[in-house]
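In case you want the letters, here they are:
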Amino acid sequence: MKKTSTRLADGRELIYYDLGDDTVRDAPDRRPLSATVTTSEIRRDPLLGDSIAIASHRQGRTYHPPADECPLCPSEGDRLSEVPDASYDVVVFENRFPSLAGDSGRCEVVCFTSDHHASFADLSESQTRLVLDAWTDRTSELSHLPSVEQVFCFENRGAEIGVTLQHPHGQIYAYPFTTPRTALMLRQVAAHKEATGGENLFDVVLERERAEGRIVLEGEHWVAFVPYAAHWPYEVHLYPKRRVPDLLGLEEAARTEFPQVYLELLKRFDRIFGEGESPTPYIAAWHQAPFGQLEAFDGVTRDDFALHLELFTIRRTSGKLKFLAGSESGMNVFINDVPPERAAERLREVASS
C-alpha cells in the first residue's frame, strides 16, 4: 500500500491509498473553494446522559446529484470533484459537511473505488484488503488527535438507509466521547467480568452462538453469526477468532482472510430476497474499543473489548422495510419480525456455489 496525503482547495486533508508503490498523486484541486465553515457543537442530554451533535451546516450538503455530477467520482476534464486526480484506488478525505469538527471530533469520507456503479461486494479481494488497510490507518491516525476518544468506521448503502450519494463509499466518525452503544457493551462486560471472576463476555457470546447453531459463515480466522437477540430482520456479527480491541490489533493472517469472508457475506445479503429485488440496503459498522480512559467501567481494560463488525438490513421481506416506530424510537425496545435462527438458516441457504 502507498499512502499520499495532500490538501484540497479549502484546506481539508485528502489521502490516496494505492495498490501500486509507483503511483504518483500530484493533481491539484482546481476548484475555487473558500475555507470550510462548520457549526458543529456537542450538547449533552442531562436526562439520558448521552451526547448530541448539532450541525446545522449539513442542511446544505449535496443531495442525490446525477451520476455525471457525483462529487466522489474522479475529476475529469472540466468536471471537478472532491477527488482531484483522474483515477484512484481508495481515497479518504475530510467531509465538507461534517457532523463533528474541531474540538467536537472529525468526520471523513472513504471512497472504496472510483467506479460509480459498483458496490462494495463488487470489489476484488486486493481492493477490499486496501480498504481494510485504509480503515486501520485512519483509526491509528485519528486516535492520536487530542479531541478523539473513539473511532467508528462504517458504510451506509441504499436510498432506504438515507444515503444521498450513490457512489460506493463509507465514513469514519472520530468522536470526542465514548458512544452510548459502546458504553452499554462495556458496562455489560464489566458486570460479567466481576460476577464470574474474570470471564470475558464477548468470548461467552461467541461460544453460545456456536453451540446454538446461528453461525452463518466461518473461516480459519473469522466467524460470522446472527446474534441470539438480533435487533434487525437480517443482522450478522463478524468477529476475528482471536479477540483484539481494534483494527490495529489484527494479525496478518486475519487481514489476508478478511476480504474472502466479508465479500461473501455482502453477496449473500444481496441474495436474501431473491431475484428481481433491488440491492439490499444495509449498514456495516465496525465496533472498536475507545482510546480514552475506561475508569467509568470498573475493572475493564481495552483488551477486554472485542473488535467486531455488525452488518444489518432494514428490509424485513421482499418489498417491505423495518421502520423504527413507537417502541423502537420512543422506548428503544426493538421488535424483530424474523427469528434469528431462521435468518441464519436463510443466509446459509444463499451461499455462493
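Use the structure listed above.
Please read these numbers as outputs of a predicted model, since none were measured by experiment. (Residues numbered from 1 in each chain as written. Predicted model: local features only at pLDDT ≥ 70, side-chain atom pairs only at ≥ 80, totals over all residues. Heavy atoms only, no water.)

## Here's the deal with the overall build of the protein
And step 1. On a plain count of helices and strands, the protein comes out with 6 helices and 15 strands.
And step 2. Across its three principal axes, the protein shows a C-alpha extent of roughly 60 × 50 × 45 Å.
And step 3. Taking all 353 residues of the protein together, 53% fall into the buried category.
And step 4. Of the accessible surface of the protein, which amounts to about 16,500 Å², a share of 49% is contributed by carbon and sulfur atoms.
And step 5. A distance of 3 Å separates the average location of the 38 positive side-chain charges in the protein from that of its 56 negative side-chain charges. (Helix = DSSP H or I, 4+ residues; strand = E, 2+ residues; numbered from the N terminus. Buried < 20%, exposed > 50% of the residue type's maximum accessible area, 1.4 Å probe, protein only. Areas by Shrake-Rupley, 256 points an atom, 1.4 Å probe, with all protein chains shown as cover. Lys, Arg positive; Asp, Glu negative; His and termini not counted. Charge placed at Lys NZ, Arg CZ, Asp CG, Glu CD.)

## Quick word on the nonpolar core
And step 1. Grouped together as the largest cluster of nonpolar side chains are 52 residues, with contacts concentrated most on Phe-120, Trp-135, Leu-238 and Trp-286.
And step 2. At 8 residues, the largest contribution of residues to this core is made by helix H4 (residues 252-271).
And step 3. Look past the residues within four positions of Trp-135 in its chain and what remains in contact with it is Phe-112, Phe-120, Cys-153, Ile-172, Leu-247, Phe-258 and Trp-286.
And step 4. Counting residues in each nonpolar core, the second largest holds 17 residues, with Phe-225, Tyr-239, Leu-294 and Ala-306 among its members. (Core = buried A, V, L, I, M, F, W, Y, C linked by side-chain atoms within 4.5 Å. Contact = heavy atoms within 4.5 Å.)

## A short note on helix H2 (residues 180-196)
And step 1. With 17 residues, H2 should reach 24 Å at 1.5 Å per residue; the first-to-last C-alpha distance of 24 Å fits that figure.
And step 2. Along H2, the positions that sit buried rather than exposed are Thr-182, Ala-183, Met-185, Leu-186, Val-189, Ala-190 and His-192.
And step 3. Those residues of H2 that are buried lie in contact with strand E7 (150-157), helix H3 (201-212), strand E12 (282-287) and strand E13 (308-313).
And step 4. Residue Gly-197 follows H2 closely and has a positive phi angle near 75°. (Expected span 1.5 Å × (residues − 1).)

## Some thoughts on the packing of helix H1 (residues 125-143) against H4
And step 1. Where H1 meets H4, the closest approach of the two axes is 9 Å, and the angle between their N-to-C directions is 120°. Classified by the interaxial angle, the pair formed by H1 and H4 is oblique. The handedness of the crossing between H1 and H4 is right-handed. Across the interface between the two elements, Glu-125, Thr-128, Arg-129, Leu-132, Asp-133, Trp-135 and Thr-136 of H1 pack against Glu-252, Arg-255, Thr-256, Phe-258, Pro-259, Gln-260 and Leu-263 of H4.
And step 2. For the contact of H1 with H4, the per-class residue count stands at 5 nonpolar, 4 polar and 5 charged. (Axes fitted to C-alpha atoms, helices over the stretch in contact; angles between N-to-C directions. Parallel < 35°, antiparallel > 145°, perpendicular 65-115°, else oblique. Left-handed = near helix turned anticlockwise from the far one by under 90°. Nonpolar A, V, L, I, M, F, W, Y, C, P; charged D, E, K, R; others polar.)

## Notes on the side chain of Asp-10
And step 1. By secondary structure assignment, the location of Asp-10 is in the loop between strand E1 (2-7) and strand E2 (13-18).
And step 2. A polar contact is formed between the side chain of Asp-10 and the side chain of Arg-12, at a distance of 2.8 Å.
And step 3. Look past the residues within four positions of Asp-10 in its chain and what remains in contact with it is Leu-33, Ser-34, Ala-35, Thr-36 and Arg-96. (Polar contact = N/O pair within 3.5 Å; in protein donor to acceptor, adjacent residues only side chain to side chain.)

## With respect to the environment of Tyr-17
And step 1. Relative to the helices and strands, Tyr-17 resides in strand E2.
And step 2. For Tyr-17, a relative accessible area of 0% puts it in the buried group.
And step 3. Considered as a pair, Tyr-17 and Lys-3 are 14 residues apart in the sequence and their alpha carbons are 4.8 Å apart.
And step 4. Leaving out residues up to four positions away in the same chain, Tyr-17 has contacts with Met-1, Lys-2, Lys-3, Asp-89, Val-90, Val-92, Leu-130, Ala-134, Asp-137 and Arg-138.
And step 5. Of the polar contacts made by the side chain of Tyr-17, one reaches the side chain of Asp-137; its length is 2.6 Å.

## Remarks on the packing of aromatic side chains
And step 1. In this structure the tally under the stated criterion is 20 aromatic pairs.
And step 2. Arranged with centres 5.9 Å apart and planes meeting at 70°, the rings of Tyr-173 and Tyr-175 form a pair that is edge-to-face. Residue Tyr-173 shares its accessibility class with Tyr-175, and that shared class is buried.
And step 3. Arranged with centres 5.6 Å apart and planes meeting at 85°, the rings of Tyr-234 and Phe-273 form a pair that is edge-to-face. Within this pair, whereas Tyr-234 is found in strand E11 (residues 234-240), its partner Phe-273 is found in the loop between H4 and E12, the two being separated by 39 residues in sequence. For the residue pair Tyr-234 and Phe-273, the accessibility class agrees, reading buried in each case.
And step 4. Through successive ring pairs, a cluster of aromatic residues spans Phe-112, Phe-120, Trp-135, Trp-222, Phe-258, Tyr-262 and Trp-286.
And step 5. One cation-aromatic arrangement involves Arg-302 over Phe-291; the distance from NZ or CZ to the ring centre is 4.4 Å. (Phe/Tyr/Trp six-rings, centres within 6.5 Å; stacked < 30°, edge-to-face > 60°. Lys NZ or Arg CZ within 6 Å of the ring centre and 35° of its normal.)

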